[in-house]
Amino acid sequence: MSIRNDYLRGILFNEIARRYSIDRKTARKYAKTVRKQVYTYKKPRHKILEDYADFINEN
């Protein structure tokens with residue numbers, strides 16, 4: 001994707017949004033960021049019933 005490049009060439013946010021099939025606000029967000037977004041995974045959550053799994057499986 002070259003959303004930032006399009007923005008630097010002077011293309012309007014509405015046109016960028018149409019080209020990439022994204023919302024206008026999302027196009028603006030990506031166009032104005034200097035570096036790429038880094039996505040990280042969250043640590044798996046502790047399940048409430050996990051402590052009682054042995055008891056549940058017995059019955």
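Keep in mind it's a predicted model, so treat the numbers as computed, not measured.

**Considering the pattern of salt bridges**
- Under the criterion given, the structure shown has four salt bridges.
- When the shortest N-O distance is used, the salt bridge between arginine 19 and glutamate 15 registers 3.5 Å. Of the two residues, arginine 19 and glutamate 15 are both situated in helix H2 (residues 13-20); the distance of four residues between them amounts to about one turn of the helix.
- The exposure class of arginine 19 is partly exposed, given its relative accessible area of 46%.
- Through salt bridges with shared partners, a single ionic network connects Asp6, Arg9, Glu15, Arg18 and Arg19.

**Comments concerning the environment of tyrosine 7**
- Tracing the chain through its elements places tyrosine 7 in helix H1 (residues 3-8).
- Using a relative accessible area of 29% as the deciding quantity, one classes tyrosine 7 as partly exposed.
- Residues tyrosine 7 and arginine 28, 21 residues apart in the sequence, show an inter-C-alpha distance of 8.5 Å.
- Beyond its immediate sequence surroundings of up to four residues, tyrosine 7 is in contact with Phe13, Ile16, Ala31 and Lys32.

**Some details on the environment of tyrosine 20**
- Position of tyrosine 20 among the secondary structure elements: in helix H2.
- Put simply, tyrosine 20 and lysine 47 are 27 residues apart on the chain and 39 Å apart in space, counted from C-alpha to C-alpha.
- Polar side-chain contacts of tyrosine 20 include one of 3.1 Å to the side chain of serine 2.

**Side note on the packing of aromatic side chains**
- In the structure shown here, the tally under the stated rule is one aromatic pair.
- An angle of 10° between the planes, with centres 5.2 Å apart, marks the rings of tyrosine 7 and phenylalanine 13 as stacked.
- One cation-aromatic arrangement involves lysine 29 over tyrosine 30; the distance from NZ or CZ to the ring centre is 5.2 Å.

Conventions used here
Residues numbered from 1 in each chain as written. Predicted model: local features only at pLDDT ≥ 70, side-chain atom pairs only at ≥ 80, totals over all residues. Heavy atoms only, no water. Salt bridge = Lys/Arg side-chain N within 4 Å of Asp/Glu carboxyl O. Helix = DSSP H or I, 4+ residues; strand = E, 2+ residues; numbered from the N terminus. Buried < 20%, exposed > 50% of the residue type's maximum accessible area, 1.4 Å probe, protein only. Contact = heavy atoms within 4.5 Å. Polar contact = N/O pair within 3.5 Å; in protein donor to acceptor, adjacent residues only side chain to side chain. Phe/Tyr/Trp six-rings, centres within 6.5 Å; stacked < 30°, edge-to-face > 60°. Lys NZ or Arg CZ within 6 Å of the ring centre and 35° of its normal.

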